[in-house]
Amino acid sequence: MSDKPKVPVAVLISGRGSNMGALIAASLHRDFPAKIVSVISDKPNAKGLDHARGFGIEAVAIPRTDYASKAEHEAAVIAAIDASGAKIIALAGYMRLLSGDFVNRYVGRMINIHPSLLPAFPGLATHERALAAGCRVHGCTVHFVTEGMDEGPIIEQEPVRIERGDTPDTLAARVLEAEHRIYPVALAMLARGEIRMTSDGRAQYSGS
Ligand code: GRF
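Quick caveat, the model's predicted, so the values are computed rather than measured.

Rules and cut-offs
- Residues numbered from 1 in each chain as written.
- Predicted model: local features only at pLDDT ≥ 70, side-chain atom pairs only at ≥ 80, totals over all residues.
- Heavy atoms only, no water.
- Axes fitted to C-alpha atoms, helices over the stretch in contact; angles between N-to-C directions.
- Helix = DSSP H or I, 4+ residues; strand = E, 2+ residues; numbered from the N terminus.
- Parallel < 35°, antiparallel > 145°, perpendicular 65-115°, else oblique.
- Left-handed = near helix turned anticlockwise from the far one by under 90°.
- Contact = heavy atoms within 4.5 Å.
- Nonpolar A, V, L, I, M, F, W, Y, C, P; charged D, E, K, R; others polar.
- Salt bridge = Lys/Arg side-chain N within 4 Å of Asp/Glu carboxyl O.
- Buried < 20%, exposed > 50% of the residue type's maximum accessible area, 1.4 Å probe, protein only.
- Near = heavy atom within 4 Å.
- Polar contact = N/O pair within 3.5 Å; in protein donor to acceptor, adjacent residues only side chain to side chain.
- Areas by Shrake-Rupley, 256 points an atom, 1.4 Å probe, with all protein chains shown as cover.
- Domains from an automatic or database assignment.
- Right-handed = clockwise from strand over helix to strand, strands pointing away.
- Buried area = accessible area lost by both parts, 1.4 Å probe.

1. Structural notes on the packing of helix α1 (residues 18-27) against helix α6 (residues 168-191)
At a closest axis distance of 9 Å, the pairing of α1 and α6 adopts a crossing angle of 45°. On the basis of their axis angle, the class for α1 and α6 is oblique. The way α1 lies across α6 gives a crossing that is right-handed. Here α1 contributes Ser18, Asn19, Ala22, Leu23 and Ala26 to the contact with α6, which in turn contributes Leu176, Glu179, His180, Tyr183, Pro184 and Leu187. Here the contact of α1 with α6 is composed, by residue class, of 7 nonpolar, 3 polar and 1 charged.

2. Things to note about the pattern of salt bridges
For the coordinates displayed, the defined rule picks out 7 salt bridges. Between arginine 181 and glutamate 158 there is a salt bridge, with the nearest N and O atoms lying 2.7 Å from each other. Of the two residues, arginine 181 is situated in helix α6 and glutamate 158 in strand β7 (residues 154-161); the sequence distance between them amounts to 23 residues. Arginine 174 is the salt-bridge partner of aspartate 166, the closest N and O atoms lying 2.7 Å from each other. Of the residues examined, aspartate 166 reaches a relative accessible area of 15% and is grouped as buried. By relative accessible area, which is 26% here, arginine 174 ends up partly exposed.

3. Some thoughts on the site of the ligand
Around the ligand sit Arg16, Gly17, Ser18, Asn19, Gly93, Ile113, His114, Pro115 and Glu179, and that is every residue in its neighbourhood. Contact between the ligand and serine 18: an oxygen atom at 2.5 Å from a side-chain N or O atom of the residue. Between the ligand and the protein, one listed contact pairs a nitrogen atom with a backbone N or O atom of isoleucine 113 at 3.1 Å. Out of a free accessible area of 370 Å², the ligand has 84% covered by protein chains. Elements with a contribution of two residues or more to the shell around the ligand: α1 and β5 (110-114). A per-class count over the shell around the ligand returns 2 nonpolar, 5 polar and 2 charged. Of the residues that make up the shell around the ligand, three or more belong to each of domain 1 (1-106) and domain 2 (112-208).

4. Quick notes on unusual backbone geometry
The omega torsion of the bond from leucine 118 to proline 119 falls at 10°, within 30 degrees of zero and hence cis. With respect to the element layout, proline 119 can be found in the loop between β5 and α5 (126-132). Within the chain, phenylalanine 121 stands out as a residue other than glycine whose phi angle is a positive 55°. For phenylalanine 121, the location among the structural elements is in the loop between β5 and α5.

5. Structural notes on the environment of valine 107
Inspection of the secondary structure assignment puts valine 107 in the loop between α4 (100-105) and β5. What makes valine 107 partly exposed here is its relative accessible area of 41%. The residues contacting valine 107, other than those within four sequence positions of it, are Val145 and Met197.

6. Side note on the pairing of strand β2 (residues 34-41)
Across the 8 residues of β2, 6 count as buried, placing the element largely inside the fold. Taken together, strand β1 (residues 7-13), α1 and β2 form a β-α-β motif whose crossover is right-handed. Assessed by its sense of winding, the connection that carries the chain from β2 through helix α2 (residues 47-53) to strand β3 (residues 58-61) is right-handed.

7. Some details on the domain arrangement of the protein
According to the domain assignment, the protein contains domain 1 (1-106) and domain 2 (112-208). On a C-alpha basis, the centroid separation for the pair domain 1 and domain 2 is 19 Å. Facing the 22 residues of domain 1 at the interface are 17 residues of domain 2. Around 1600 Å² of area is buried between domain 1 and domain 2 when both sides are counted, 73% of it from carbon and sulfur atoms. Inspection of the domain 1/domain 2 interface yields 0 salt bridges. At the surface where domain 1 touches domain 2, the tally comes to 4 residue pairs in polar contact (both at pLDDT 80 or more). Residue assignment for the side of domain 1 that touches domain 2 shows that the elements contributing at least two residues are β1, α1, β2, β4 (88-91) and α4. Looking at the side of domain 1 that touches domain 2, the element that brings in the most residues is α1, giving 5 residues. Classifying every residue of the side of domain 1 that touches domain 2 by side-chain character gives 16 nonpolar, 4 polar and 2 charged.

See the structure below:
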């Protein structure tokens, strides 16, 4: 068993929260190096909030509509993250574009899961676009968050083969299973200090 204190993590969601659930499940293992201390949603009805509360994790909604500006909303989210003591921020289906100030405050400590093999298909509707492009392989990526959308240095990926007859939904379901595998792996690597983001914006593995 590891005696090291677990690194506190805040997870930001907007909806279902299945990746958040995968992080919580992993964090319950004694040797997992991180623990989820806070879940924050910009949507009050996000399913993930109740799921997190079921594990005794503080889960709060900070709706964008409660604030006059994006800057004020982000200030409230930052205040909640910092009050929780989180050292790592994991975006898990958080559907808001973050300002440069927000991103730079947590640079190297904020990660995101994206449903494609980046740099292919940043943005939305990734499964539809992979099918329309005739890809034979699709997948998912965990990356550091930088100012450019879905552009940060890659930490972990898993490929998913596209099968004949796949629809966006069947493909999304298999990619989601892969997401649930790689997100805890990537979070553990970051929490253990096995990977870091360099000042010139690369992901560097310890020893490399
Ligand atoms: C996932 O596909 C994730 O990659 C993307 O948004 C979706 C969130 O799903 N960023 P969930 O809320 O984690 O179930």
